[in-house]
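Tertiary structure, described
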Amino acid sequence: MAKIDNGSVCLNHPNVPAVARCAVCRKPICADCIVKKDGVVYCSAKCRDDAIRTGAMVEGVQESKKRSNSNRMIMNLIKLIILLALIAGGWFAYNKMKDDPEGKKLLKNVTKEVKKASQKVEQTVDQGKQAVKEKGDGLIKDSKYKKEREALVK
Ligand SMILES: [Zn+2]
Ligand SMILES: [Zn+2]
């Protein structure tokens, strides 16, 4: 093995030129000091063990990430299938009703009901907004806190 950086010497043997660097702590080391594992060079068993631990951790994280990703994909797929089923069912029911005079009437009613319902929802929302507004105004007018403050000022 060739010398690495010019003038680099082994950290443990100041008279011996370094031939490699530890993959973990980057210490220069000589051929005698090299601890090899799976073709990777380390300065010591400690660095080697650190690397193995870190590697296992990284792998574990990647593994669980992969798993949660595939879980999410399956959930999305299930949602998509349910959605498609709903659309297909709705479309099927719609077509069936459209061709059938009774169904046509029903469909009209359903449409009317849906319209009514959505109007009602709008109304409720408006009422809610109004109520919140009135309540808010009332709160400001009758605020105990405000009254107390005013009393303090007087
Ligand atoms: Zn090291
Ligand atoms: Zn050495």
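Here the structure is shown first, and the text comes after it.
Definitions and limits used
- Residues numbered from 1 in each chain as written.
- Chains lettered and ligands numbered in written order.
- Predicted model: local features only at pLDDT ≥ 70, side-chain atom pairs only at ≥ 80, totals over all residues.
- Heavy atoms only, no water.
- Helix = DSSP H or I, 4+ residues; strand = E, 2+ residues; numbered from the N terminus.
- Donors = N, O, S within 2.8 Å, 3.2 Å for Na, K, Ca; no water.
- Tetrahedral: all angles 85-135°; square planar, octahedral: opposite > 155°, others 65-115°.
- Phe/Tyr/Trp six-rings, centres within 6.5 Å; stacked < 30°, edge-to-face > 60°.
- Buried < 20%, exposed > 50% of the residue type's maximum accessible area, 1.4 Å probe, protein only.
- Patch = residues over 30% accessible without salt bridge, like charges linked within 9 Å, V, L, I, M, F, W, Y side chains within 5 Å.
- Areas by Shrake-Rupley, 256 points an atom, 1.4 Å probe, with all protein chains shown as cover.
- Salt bridge = Lys/Arg side-chain N within 4 Å of Asp/Glu carboxyl O.
- Core = buried A, V, L, I, M, F, W, Y, C linked by side-chain atoms within 4.5 Å.

Positioned with a positive phi, Arg 26 is a non-glycine residue whose angle comes to about 65 degrees. With respect to the secondary-structure elements, Arg 26 resides in the loop between β1 (20-21) and β2 (28-29). For Asp 38, which is not a glycine, the phi torsion comes out positive at approximately 50 degrees. Structurally, Asp 38 can be placed in the loop between β3 (35-37) and β4 (40-42).

Taken together, Cys 10 (SG), His 13 (ND1), Cys 30 (SG) and Cys 33 (SG) make up the protein donors of the zinc ion (ligand 2), found 2.0 to 2.3 Å from the metal. Metal-centred angles of 102 to 114 degrees between the 4 donor atoms at the zinc ion (ligand 2) mark the site as tetrahedral. Sequence spacing of the donor residues for the zinc ion (ligand 2), all on one chain, is C-x2-H-x16-C-x2-C. Separated by 20 residues along the polypeptide, His 13 in the segment before β1 and Cys 33 in the loop between β2 and β3 bring together distant segments of the chain.

The next subject is the packing of aromatic side chains. In total, this model carries 1 aromatic pair according to the counting rule given. Here the aromatic rings of Trp 91 and Tyr 94 are separated by 5.8 Å at their centres, their planes lie at 25 degrees, and the arrangement is stacked. A residue pair is termed a helical-turn pair when its members lie 3 or 4 positions apart in one helix, as Trp 91 and Tyr 94 do in helix α1 (residues 45-99) at 3 residues. By relative accessible area, Tyr 94 is classed as partly exposed at 35%.

With that out of the way, let us pick up a nonpolar patch on the surface. A grouping of Leu 77, Leu 80, Ile 81, Leu 83, Leu 84 and Ile 87 is seen on the molecular surface, where their side chains present a nonpolar patch of about 600 Å² in accessible area. Locating Ile 81 in the fold gives a position in helix α1. Judged by relative accessible area, Ile 81 falls into the exposed class, the value being 53%.

In terms of nonpolar packing, the biggest core is built from 14 residues, with Ile 29, Ile 34 and Tyr 42 touching the most fellow members. For this core, the secondary-structure elements that each account for two or more residues are β4 and α1.

Turning our eyes to something else, we now look at the coordination of the zinc ion (ligand 1). Summarising the metal site, the zinc ion (ligand 1) is bound by the protein donors Cys 22 (SG), Cys 25 (SG), Cys 43 (SG) and Cys 47 (SG), whose distances to it range over 2.2 to 2.3 Å. Because the angles between the 4 donor atoms bound to the zinc ion (ligand 1) fall within 106 to 115 degrees, the donor set is best described as tetrahedral. Sequence spacing of the donor residues for the zinc ion (ligand 1), all on one chain, is C-x2-C-x17-C-x3-C. Here Cys 22 is found in the loop between β1 and β2, whereas its partner Cys 43 is found in the loop between β4 and α1, with 21 residues between them in sequence. Neither Cys 22 nor Cys 43 differs from the other in exposure class; each is buried.

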